[in-house]
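Commentary on secondary and tertiary structure
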Amino acid sequence: RLVFVALLMAPATAFMPSAFPGLRKAPIFSARPNTAPRQHRFATFFMTADQFTVGVLGDLHIDPRKMEDYETGRNQWLPILENAKNEHGNVAMVSLGDLGESKSVRPQETSELFAGTTECHKMAAEYLGSFSVPYEVVGGNHDLEGLDEFDTDEANLAMYLREHGKETPQFKRQIAEKTLLVGLGSTVFRSAKYTSHEVTIDDEQMLWFEQVLKEHPSTEGWKVFVFTHAPPNGSGLRVLQENHVVNGCCWLNHSDEKKCSKFIELVREHRCIKAWFSGHFHLGQDYQDSITFPTIDPKDGPYPNRGSCVFVQTSVMRGGTSRDGRQQSRLIRGNKEGFEICTVDHQKDGAIRVDATITYTDENHEVGVYSHKDLKAVGDEYFKVYQPCAGDSLHPPDKGYIPYGEDGALHVNEEVTKETVAWWRMSCGRTMGMLNGMLVEYDTSTLAPLGLIVGADELLGKRIAVIDSGLQDNCVIDESSEGMEGADCAGVSGGVFREQAVVMFDPATGQTTVVQPNEDGSYWRKIVRNKMVRMQEVRRLKAAKEFAREALKLKDSDEDPPVVSSWGPYVSTVGTAKATGVAGLTVPAKQK
């Protein structure tokens with residue numbers, strides 16, 4: 001019997017070193033000191049069969065003040081791992097990253113975040129090593145967050161690799177006959193172009209990953225199980241609109257359109273990829289869409305186009321880090337014939353539940369069967385994001401799809417409410433739709449949510465239309481407008497790829513807003529920026545507030561003076577730069 005174990009762990013509170021005053025004075029688990037590369041810290045198990053067991057631990061977020069759930073979880077896992085060692089010996093653990101709590105764990109002494117520090121990674125390495133089987137780890141979006149200790153991502157990454165006995169952020173381990181475990185880790189935090197919580201796989205790892213896939217083809221019987229902190233775009237897993245979607249950090253390399261789509265392209269091309277495990281969302285495993293299959297029965301819907309890969313979301317172990325109250329890990333059992341994906345329920349004494357069974361029919365095809373329907377709890381719908389379905393030759397698009405009218409325009413024939421569900425494709429190929437009162441952009445190929453275009457605060461109560469804007473009648477250039485001299489109508493087009501405008505109209509006030517695309521043609525707004533930049537801006541605001549109080553000679557009992565920020569680049573249709581004021585914010589609002 002083949003056992004493949006997926007264990008996901010929430011903020012790790014399972015280990016309390018003596019360095020923390022008031023906490024346990026000695027480790028609660030015995031493990032060898034992390035002084036040598038990991039391959040020398042564990043006995044080597046010689047593979048005697050195609051069977052294997054892998055524990056996948058996700059989102060540990062270690063907080064040394066709260067270790068009880070980790071002690072319990074580890075004790076629940078030890079007999080499972082011991083049985084696997086006795087049965088076949090092909091056993092390992094994989095952590096999906098986010099190893100430390102992104103807060104101060106000694107708030108009375110310091111405001112320093114625990115995540116990403118040397119202290120954090122030493123504790124994580126000792127905890128992971130205490131399972132008495134080899135372990136691998138991939139970096140998550142919090143693992144280079146040691147901002148006070150390290151000035152650069154490179155220095156933080158070097159410490160992370162050293163403490164975990166790694167030579168590179170990625171890993172490759174042959175766990176059984178013709179079976180590989182492959183992991184990719186995030187390497188960017190301070191230098192992130194947008195949100196620091198995007199999980200970024202660098203170019204060097206991508207080249208390495210693609211080469212590994214080429215060297216281990218399914219035609220030669222290879223099976224590859226992939227591990228990353230966040231899932232790739234196209235996985236079909238349940239995501240959080242109120243968090244990861246609107247902030248642009250759902251998927252691997254989320255903010256770079258080409259790099260983001262590369263992962264699912266590799267999955268479709270290389271059918272040796274049989275499963276892909278991820279964490280990041282802190283959601284439980286009771287939903288069917290915590291596991292998605294590469295193919296489904298045509299009666300159940302359109303072909304999902306996910307190669308031969310089963311995508312698997314893993315929950316958390318500590319209750320304080322779960323978004324839906326679940327505390328669960330993954331157990332995968334399989335062999336050359338296929339594998340089972342199970343749940344280890346830490347709220348039920350580690351009870352094991354089979355969630356899905358995957359059977360290989362040949363090296364390029366498999367059949368997946370769910371073992372149960374959704375096991376819902378109160379409030380679960382909050383955690384589900386609507387994803388459009390375009391249909392195929394056997395299935396029409398879902399009911400939310402809006403076609404264009406005979407006039408070539410598209411109208412959402414109602415004022416937008418929280419209940420409005422609709423989606424459409426632009427002539428340029430971009431896809432957008434509405435849910436929970438927000439306008440969201442979706443990936444053109446996978447229809448996965450990409451990010452927020454217009455928030456509910458701006459959209460509720462208004463109407464949306466998509467109209468042609470590239471007609472010659474609309475191309476009138478005012479030659480007297482400074483900066484527009486000599487302009488013509490180059491780029492204006494009609495037909496299938498005609499130019500269009502997304503218009504938001506307020507019937508109560510008559511205000512009409514044109515939703516302009518970004519320079520790269522996308523529409524979703526990359527609002528959340530690098531954490532380092534945001535922290536600096538907050539400090540500037542605080543300093544400005546203190547300056548204003550002194551300049552205005554305000555007393556302690558007086559309210560703070562109004563302080564606002566202005567940012568660039570400034571975007572306008574004018575052809576020359578004359579003003580930088582924001583009406584109603586940094587300059588008086590314009591009067592009609």
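Here's what I pulled together on the structure shown here.

**Here's the deal with the packing of helix 5 (residues 203-215) against helix 7 (residues 257-269)**
Helix packing for two helices is described by the angle between their axes and how far apart those axes are. One can describe the packing of helix 5 onto helix 7 by two numbers: an axis separation of 12 Å at closest approach and a directional angle of 10°. Put simply, helix 5 runs roughly parallel to helix 7. From helix 5, D203, M206, F209, E210 and L213 reach across to helix 7, where they touch K259, K262, F263 and L266. Across the contact of helix 5 with helix 7, the residue classes tally to five nonpolar, no polar and four charged.

**Some words on the packing of aromatic side chains**
In this structure the tally under the stated criterion is twelve aromatic pairs. Relative to Y370, the ring of F293 lies with its centre 4.4 Å away and its plane at 25°, an arrangement referred to as stacked. Pair noted here: F293 is in the loop between strand 8 (291-292) and strand 9 (310-313) and Y370 is in strand 13 (residues 365-370), with a separation of 77 residues, a long-range link. Taking relative accessible area as the criterion, F293 reaches 4% and is therefore assigned buried. Seen from their ring centres, Y401 and W423 are 4.8 Å apart, and the 55° between their planes marks the pair as tilted. On the criterion of sequence distance, the pair formed by Y401 in the loop between strand 13 and strand 14 (410-411) and W423 in strand 15 (residues 422-425) is long-range, its members being 22 residues apart. Classification of W423 by relative accessible area gives buried; the value is 1%. Put simply, the rings of F52, F225, F339 and Y360 pair up and form one aromatic cluster. The ring of W524 has K526 sitting right over it, with the charged end atom 4.2 Å from the ring centre.

**Some points on the pattern of salt bridges**
Applying the stated criterion to the full structure yields 24 salt bridges. Salt-bridge contacts for R238 lead to D289; the nearest nitrogen and oxygen are separated by 3.0 Å. Separated by 51 residues along the polypeptide, R238 in the loop between strand 6 (223-227) and helix 6 (241-247) and D289 in the loop between strand 7 (273-278) and strand 8 bring together distant segments of the chain. The class for R238 is buried, based on a relative accessible area of 7%. For D289, a relative accessible area of 15% corresponds to the buried category. For R330, the salt bridge identified is with D355, shortest N-O distance 2.8 Å. Highlighted residues: R330 in strand 10 (residues 328-335) and D355 in strand 12 (residues 351-362), separated in sequence by 25 residues. On the basis of relative accessibility, which here comes to 3%, the residue D355 falls in the buried class. Within this structure, D286, D324, R326, R330, R353 and D355 form a network of salt bridges that share partners.

**A look at the sheet that holds strand 14**
Spatially, the four strands line up as an open sheet ordered 14-19-20-21, and their pairing is antiparallel. Looking along the sheet, the strands with just one partner apiece sit at the ends: strand 14 and strand 21 (512-515). In this structure, strand 20 (residues 500-505) lies alongside strand 21, joined through four bridges in antiparallel fashion. Note on strand 21: the bridge partner recorded for V503 is V514.

**A look at the environment of V369**
Secondary-structure assignment places V369 in strand 13. The class for V369 is partly exposed, based on a relative accessible area of 47%. The spatial distance from the C-alpha of V369 to the C-alpha of T359 is 8.7 Å, given a sequence separation of ten residues. Those residues in contact with V369, other than ones at most four positions away along the chain, are F293, D355, A356 and T357.

**Re the state of the cysteines**
Going through the model one piece at a time under the given rule, you end up with zero disulfides. The thiol of C249 is unpaired, and the distance to the nearest cysteine sulfur, on C250, comes to 6.5 Å. Left unpaired, C309 is separated from the closest cysteine sulfur, that of C272, by 9.9 Å. In this structure C309 comes out as buried when scored by relative accessible area, which is 0%.

**Some remarks on the environment of G234**
Position of G234 among the secondary structure elements: in the loop between strand 6 and helix 6. The class of G234 is buried, set by a relative accessible area of 11%. Sequence separation of G234 and E265 is 31 residues, and the distance between their C-alpha atoms is 9.2 Å. What G234 contacts, discounting residues up to four positions off in sequence, is I264, R306, T446 and A448.

What counts, and at which threshold
Sequence positions are assigned chain by chain, starting from 1 and proceeding in written order. Reporting in this predicted model follows two pLDDT cut-offs: at least 70 for local features of residues, and 80 or more for side-chain atom pairs to be given and counted; totals over whole chains, interfaces and linings ignore these cut-offs and use all residues. Each side-chain value is worked out from all heavy atoms of the structure, with water and hydrogens disregarded. Helix axes are fitted only over the stretch in contact, all axes being lines through C-alpha atoms; the angle between N-to-C directions runs from 0 to 180 degrees. Runs of E in the DSSP output that reach at least two residues are strands. Runs of H or I that reach at least four are helices, and both are numbered from the N terminus. To sort the angles, those under 35 degrees are grouped as roughly parallel, those over 145 as roughly antiparallel, those from 65 to 115 as roughly perpendicular, and the leftovers as oblique. The criterion used for residue contact is that any of the two residues' heavy atoms lie within 4.5 Å. Polar here means any residue outside two lists: the nonpolar Ala, Val, Leu, Ile, Met, Phe, Trp, Tyr, Cys and Pro, and the charged Asp, Glu, Lys and Arg; Gly therefore counts as polar. Stacked, tilted and edge-to-face are the three classes assigned to paired rings of Phe, Tyr and Trp, where Trp is represented by its six-membered ring and a pair needs centres within 6.5 Å; plane angles under 30 degrees give stacked, over 60 edge-to-face, the rest tilted. Burial classification: accessible surface area is computed with a 1.4 Å probe over protein chains only, and a residue below 20% of its type maximum counts as buried, one above 50% as exposed, and the rest as partly exposed. Only when the NZ of Lys or the CZ of Arg is both within 6 Å of the ring centre and within 35 degrees of the ring normal is a charge said to sit over the ring. Each reported salt bridge corresponds to a side-chain nitrogen of Lys or Arg within 4 Å of a carboxyl oxygen of Asp or Glu. What makes two strands pair is DSSP finding at least two bridges between them. Criterion for a disulfide: a pair of cysteine sulfur atoms at a distance within 2.5 Å.

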